[in-house]
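Chain and residue survey
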Amino acid sequence: MAKKKSSGVNRAKAIRDYYKAHPNAKPLQVSAELKKQGINVTAQYVSTIRSNSKRQQGEVGKPGRPSGKKASEAAPAKPANHRKQKVSLPLLVRLKHLTREFGGIAETRAALDALEAIKD
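Predicted model only: the values in this text are computed from it and were never measured.

Right, let's talk about helix H5 (residues 89-102) for a bit. For H5, with 14 residues, the first-to-last C-alpha span of 20 Å sits near the 20 Å given by 1.5 Å per residue. Backbone geometry just downstream of H5 places Gly103 in the positive-phi region, at approximately 100°.

Here it is, written out as structure tokens:
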């Protein structure tokens, strides 16, 4: 394969330099501004260079599980027996009696809030 002629301008460096001066610029804006300077780049090429430079700087990682965390830490574990988590009629009856012991719904909610604060 024949070697390409060099245009004398490092297009990737020009894109990175433009983004240093204008960090919120969109790829189409960057492409248009660089074309005014005589550097012919497409918006897709600008996006590719921007993405690769972010990846090299460590700003963007690979998709998937976050690094440094175990699978068990990344997502909360599901309860072993999910049926215990459902509300049933006997559970509601027990809650009704407990609510009476606390003196009403407002007091029960206050007790639950206090329990949640202790739990953390």
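That was the structure; now back to the text.
Two numbers describe how helix H2 (residues 27-36) lies on helix H3 (residues 43-57): the axes approach to 8 Å, and their chain directions differ by 110°. With respect to H3, the axis of H2 lies roughly perpendicular. Seen along the crossing, H2 lies across H3 with a hand that is right-handed. Across the interface between the two elements, Pro27, Leu28, Val30 and Ser31 of H2 pack against Ala43, Val46 and Ser47 of H3. Taken together, the residues that form the contact of H2 with H3 break down as 5 nonpolar, 2 polar and no charged.

On to the pattern of salt bridges. Throughout the structure, instances matching the rule amount to 2 salt bridges. We note a salt bridge from Asp17 to Lys13, for which the minimum N-O separation is 3.0 Å. Of this pair, Asp17 and Lys13 both sit in helix H1 (residues 11-21), 4 residues apart, which is roughly one turn of the helix. Judged by relative accessible area, which is 35%, Asp17 ranks as partly exposed. Under the relative-accessibility criterion, Lys13 is labelled partly exposed at 43%.

Of all hydrophobic cores here, the largest spans 12 residues; its members are Ala12, Ala14, Ile15, Tyr18, Tyr19, Ala25, Val30, Leu34, Ile39, Val41, Val46 and Ile49. With 5 residues, the top contributor of residues to this core is H1. Excluding residues within four positions of it along the chain, Val46 makes contact with Ile15, Tyr19, Pro27, Val30, Ser31 and Val41.

We now examine the environment of Ser47. Mapped onto the elements of the fold, Ser47 is located in helix H3. The class of Ser47 is partly exposed, set by a relative accessible area of 30%. Placed 16 residues apart in sequence, Ser47 and Ser31 show a C-alpha to C-alpha distance of 9.8 Å.

The rules behind each value
- All residue numbers refer to position in the chain's written sequence, counted from 1.
- Reporting of local features is limited, given that this is a predicted model, to residues whose pLDDT is at least 70; pairs of side-chain atoms are given and counted only at 80 or more, and all residues count toward the totals for whole chains, interfaces and linings.
- Where side-chain values are given, they derive from all heavy atoms of the structure, hydrogens and water being excluded.
- Every helix listed is a DSSP run of H or I at least four residues long, and every strand listed is a run of E at least two residues long, numbered separately from the N terminus.
- Here, expected helix span is obtained from the residue count minus one, scaled by 1.5 Å.
- For every element, the axis is a line fit to its C-alpha atoms; helices are fit only across the contacting stretch, and the angle between N-to-C directions ranges from 0 to 180 degrees.
- When describing relative orientation, an angle under 35 degrees is termed roughly parallel and one over 145 degrees roughly antiparallel, while 65 to 115 degrees is termed roughly perpendicular and anything else oblique.
- Each crossing gets its hand from how the near helix is turned against the far one by less than a right angle, where anticlockwise is left-handed and clockwise is right-handed.
- In what follows, residue pairs with any heavy atoms lying within 4.5 Å of each other are defined as contacts.
- Classification used: nonpolar for Ala, Val, Leu, Ile, Met, Phe, Trp, Tyr, Cys and Pro, charged for Asp, Glu, Lys and Arg, polar for all others including Gly.
- When a carboxyl oxygen of Asp or Glu lies within 4 Å of a side-chain nitrogen of Lys or Arg, that pair is called a salt bridge.
- Relative accessible area decides the class of each residue, using a 1.4 Å probe on protein chains only: under 20% of the type maximum gives buried, over 50% gives exposed, and in between gives partly exposed.
- Remark: nonpolar core denotes a set of buried residues (Ala, Val, Leu, Ile, Met, Phe, Trp, Tyr, Cys) joined through side-chain atoms within 4.5 Å.

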